[in-house]
Amino acid sequence: MPEQYIQVAIPVPMRQLFTYQVPEPLSHPSIKVGERVAVPFGSRKVIGIVIDAQAPCNFERSKIKSIAGRLNDNFNLSQSLVSFLQLCAHYYHHPVGDVFQQALPILLRKIENITLSPPMVWQAQSPTEDSADMLAKLATKAAKQYALYQIINSRNGISWVELRTLGYSKAQLNALHSKALISEEEQIVSQFTWQEHTLNEADKLVLSSEQAIIVSAINNALSSFSCHLIDGVTGSGKTEVYLQAMEEVLANNKQVLVIVPEIGLTPQTLSRFEQRFNVPIALHHSGLNDKERLATWLSAQQGSAAIVIGTRSAIFTPLHHLGLIIIDEEHDSSLKQQDSFRYHGRDMAILRARQLNIPIVLGSATPSFESLQNALSGKYSYHQLHNRAGKSIKAKIALIDMNQQQVEFGLSGTLKHEIKQTLARGEQVLLFLNRRGYAPAINCQECHWLAQCQRCDKSYTLHQKQQLLICHHCGSQRRIPPQCPHCGSVRIAPLGQGTEQLESRLEDLFPESSIVRIDRDSTRKKGELAKLLQEVTDKKHQLLVGTQMLAKGHHFPDVTLVAVLDVDGALFSFDFRASEQMAQLLIQVAGRAGRASKPGRVLVQSNYVDHPLLQDLVHNGYHHFAHQALSERKQARLPPFTFQALLRADANYPSYPEKFLRALTQHPIENCEFAGPVPAAMEKKAGKFRYHLIIQAKSRKALHHGILQLLAQIPNNEWQGKIRWSLDIDPIDL
Ligand code: ADP
Ligand code: ZN
Ligand code: ZN
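What counts, and at which threshold
Residues numbered from 1 in each chain as written. Chains lettered and ligands numbered in written order. Predicted model: local features only at pLDDT ≥ 70, side-chain atom pairs only at ≥ 80, totals over all residues. Heavy atoms only, no water. Salt bridge = Lys/Arg side-chain N within 4 Å of Asp/Glu carboxyl O. Helix = DSSP H or I, 4+ residues; strand = E, 2+ residues; numbered from the N terminus. Buried < 20%, exposed > 50% of the residue type's maximum accessible area, 1.4 Å probe, protein only. Pairing = 2+ DSSP bridges. Phe/Tyr/Trp six-rings, centres within 6.5 Å; stacked < 30°, edge-to-face > 60°. Axes fitted to C-alpha atoms, helices over the stretch in contact; angles between N-to-C directions. Contact = heavy atoms within 4.5 Å. Donors = N, O, S within 2.8 Å, 3.2 Å for Na, K, Ca; no water. Tetrahedral: all angles 85-135°; square planar, octahedral: opposite > 155°, others 65-115°. Polar contact = N/O pair within 3.5 Å; in protein donor to acceptor, adjacent residues only side chain to side chain.

Trainee: What is the right way to read the pattern of salt bridges from this model?
Mentor: Close approach of charged atoms allows side chains with opposite charge to pair. The tally for this structure, following the rule as stated, stands at 31 salt bridges. The closest approach of N and O atoms between E330 and R346, which form a salt bridge, is 2.9 Å. Taken together, the residues span a long stretch of sequence, with E330 in the loop between β12 (322–328) and α11 (345–356) and R346 in helix α11 at a distance of 16 residues. Side by side, E330 and R346 carry an identical accessibility label, which is buried. Between R524 and D521 there is a salt bridge, with the nearest N and O atoms lying 3.0 Å from each other. Put simply, K336, R342, R648 and D728 are held in one network by salt bridges that share partners.

What follows is the structure in structure tokens.
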């Protein structure tokens, strides 16, 4: 019997696969690609994934270790997922073992055996006279319990994870259970068979002709790759197009993957999927625990889930019969992972659709310049929805010139007046300020000493409620000093304004109104976001203060006034993407507000109201703005007309990263240009000094080859051992 060797991806930051031997007793049944095996690595034992089951042995045989064991469970990866993950590693030049590591649920990266309890779902009990009475009472006395009952009743079994994600609580569920209106049962796992009774016809809408054309364009070629960009303002009917395009796919017993930026902010979208299709839906997002995550993974793989809805990493779920991918809000920057494996969920989704020969649909009211350019150049099918479906009316944006105004607590006189009027009409107001905390700095009013984080050279943010100074860049904290450490004065005061301060100022200005703040600090606790959003919908609060978080997905029908307190930062940023992001933010904010009978208004405060970017956006709209900006990018040879990678380097000493990067630029790379090295926008962060080098090329292929050459240089670089470096392909923040 010849010896058998395999190649294994191991969770270590090295760019190679490792060869192991399979000892005779472990070689039956034969090892397959995608299998998880336990292997010795250094002094540890780790889980590796078999990438090649019949590898040649290119090393001295006596040096090759044997695998320690096979997991023998049902949790192996399919050949197709293995190839996809290899493609991802290749595209991002990222260590392959780390890609596999990040794509796998945590429990599958551990050696211990896993026991999972059977999946349970909630079901409505058959109606009785008693239950009819009880329901009638609930409908008037406990609206939330009633709504929960309705959703359980409309589905043939729904999991606690789904209900929780929709914003319901255990208490509400228990209340219905104790009234014997619902019961918990073991889910009957069907595999890839959900074509019967898939659709709840009740709330299906008749498509407009614009919508119908898109649905048929998608459905016409379900067994080949195509990429569709649906470009339509909020409320133009994109979600309805997704839903109807999915029907045919599900009817063919194929699965659908839906990727959204943040599920907690879009429970309304989620509940539309839940209500339309009576099929098992699995969710994948940061609110799940490890077991729940694995359960989603398994239900996708084994085919009990027909639809997987999740955030960016859902792209790695092992859907066996995937037939369609949908990316909602494709412009959203949260689709890109911003550390270690810096992949873009949208771009990897396109890669996967191409690999599987299936269609993919991107939707947005403010398409990313990348997608827009691909649509305009004919690479994607471009579909515009020109009219708002339903009856709502588009919000109007107006500018407030801060130079002409008396300003108090960051609020102009005009804005204060408008807030008053809106509140008097019984409507709600939403105020955006993209700075959490109380104040972005504190200083001494006598000697102007500024409290700064030593590790970042940036001012500490004051968090009044916690009585702490927190660095928003490295997270370090310290107490507020009672007096100035420099001159001893006790006149230490906050400088500038954050959401926490705005909230407390508004309490003074509008004592009659209830104010709610929604930002990362106020929603840290699990379930808190859903709770606050519900309180807003129930009109418990009249004034909402929030950060960028509030620009996503969530719709507030009774908000009729939205104000953006400060856009100026984005107008003068050195990052060429800042204006694109600012435009997207303003248009997204505008889309959050109003309804047919009460259209929304958006007021934007600026010291530079004549700035051409603002003027263009306000008067001509996103598309005009985007076309203009695209032609500027073309002239300046910037993405999406060129392709970039960013090499980041940091070290404890200021000169090392620069020297490391500069040494690399001494070897010209064919068909690529270097920009830099330059200090990062935040040159010092968490005690490290940081430098950037941009590599740019006219084609993706040239960039890819250039990076390979660059990576080959690194081992020869004398500074290599003294710094840390990482590579970011298609960076979105510089
Ligand atoms: P988007 O996803 O673009 O924000 P939606 O699909 O959510 O848009 O549609 C916005 C509103 O219009 C929803 O209330 C939806 O029910 C309604 N709507 C969508 N399509 C139609 C249609 N063809 N006929 C009537 N109402 C529609
Ligand atoms: Zn001082
Ligand atoms: Zn810091």
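That was the structure; now back to the text.
Trainee: Would you mind showing me how to read the sheet that holds strand β2 (residues 18–22) here?
Mentor: Strand pairing within a sheet occurs via backbone hydrogen bonds; the two strands may be parallel or antiparallel. Here we have five strands laid out as an open sheet, ordered β2-β1-β4-β3-β5, and antiparallel in their pairing. The sheet is open, and its two borders are formed by β2 and β5 (69–70), each paired with just one other strand. Bridging between strand β1 (residues 4–9) and β2 involves five bridges; their strand directions are antiparallel. Within β2, the position partnered with Q7 by the bridge is T19.

Trainee: Teacher, can you tell me more about the packing of aromatic side chains here?
Mentor: Note on aromatic pairs: each is described by the distance of the centres and the angle between the planes. A full pass over the atoms with the stated rule returns 10 aromatic pairs. Ring centres of F316 and F341 lie 6.3 Å apart, and the angle between their planes is 25°; on these two criteria the pair is classed as stacked. You can see F316 sitting in the loop between β11 (307–310) and β12 and its partner F341 sitting in the loop between β12 and α11, a full 25 residues away along the chain. In this structure F316 comes out as buried when scored by relative accessible area, which is 2%.

Trainee: Which parts of the structure should I look at to understand the sheet that holds strand β10 (residues 281–284)?
Mentor: If you walk across this open sheet you meet the seven strands as β10-β11-β9-β12-β13-β8-β14, and the pairing is parallel. In this open sheet, the two strands that pair with only one neighbour each are β10 and β14 (381–385). On average, each strand axis in the sheet is inclined to that of its neighbour by 15°, with strand direction left out of account. Sheet contacts for helix α7 (residues 209–219): β8 (226–232), β12, β13 (359–364) and β14; angle to β14, the most-contacted strand, approximately 155°.

Trainee: Got a minute to help me understand the coordination of the zinc ion (ligand 2) in this structure?
Mentor: When a metal holds four donors in a tetrahedron, each ideal angle between them is 109.5 degrees; when it holds six in an octahedron, the ideal angles are 90 or 180 degrees. Coordination sphere of the zinc ion (ligand 2), protein contribution only: C444 (SG), C447 (SG), C484 (SG) and C487 (SG), at 2.3 Å. The coordination sphere of the zinc ion (ligand 2) comprises four donor atoms, whose angles at the metal cover 104 to 113°; the geometry is tetrahedral. The motif formed by the donor residues of the zinc ion (ligand 2), counted along the single chain, is C-x2-C-x36-C-x2-C. Remark: C487 occurs in the loop between β24 (477–479) and β25 (492–495) and C447 occurs in the loop between β19 (441–444) and β20 (452–453); sequence separation between them is 40 residues.

Trainee: Teacher, can you tell me more about helix α2 (residues 96–103) here?
Mentor: Each turn of an α-helix holds 3.6 residues, which means side chains three or four residues apart point in the same direction. With respect to burial, α2 is a largely interior element, six of its eight residues being buried. Within the span of α2, buried status applies to V96, G97, D98, V99, F100 and A103. Those residues of α2 that are buried lie in contact with β1, β4 (44–52), α1 (79–92) and α10 (290–302).

Trainee: What is the right way to read the side chain of D519 from this model?
Mentor: Secondary-structure assignment places D519 in the loop between β26 (515–518) and α15 (528–537). One polar contact links D519 to T499, side chain to side chain, over a distance of 2.7 Å. Engagement of the side chain of D519 in a polar contact is seen with the side chain of R517, the distance being 3.1 Å.

Trainee: Sorry if this is basic, but what is going on with the environment of E330 here?
Mentor: Judged by relative accessible area, E330 falls into the buried class, the value being 0%. As a C-alpha pair, E330 and A395 span 65 residues in sequence and 22 Å in three-dimensional space. Setting aside residues no more than four positions away along its own chain, E330 makes contact with L229, L335, H344, R346, L362, G363, S364, P367, S368 and S371.

Trainee: Any chance you could explain the coordination of the zinc ion (ligand 3) here in plain terms?
Mentor: Every protein donor of the zinc ion (ligand 3) is accounted for by C453 (SG), C456 (SG), C471 (SG) and C474 (SG), and the metal-donor separations fall at 2.3 to 2.4 Å. Because the angles between the four donor atoms bound to the zinc ion (ligand 3) fall within 108 to 112°, the donor set is best described as tetrahedral.

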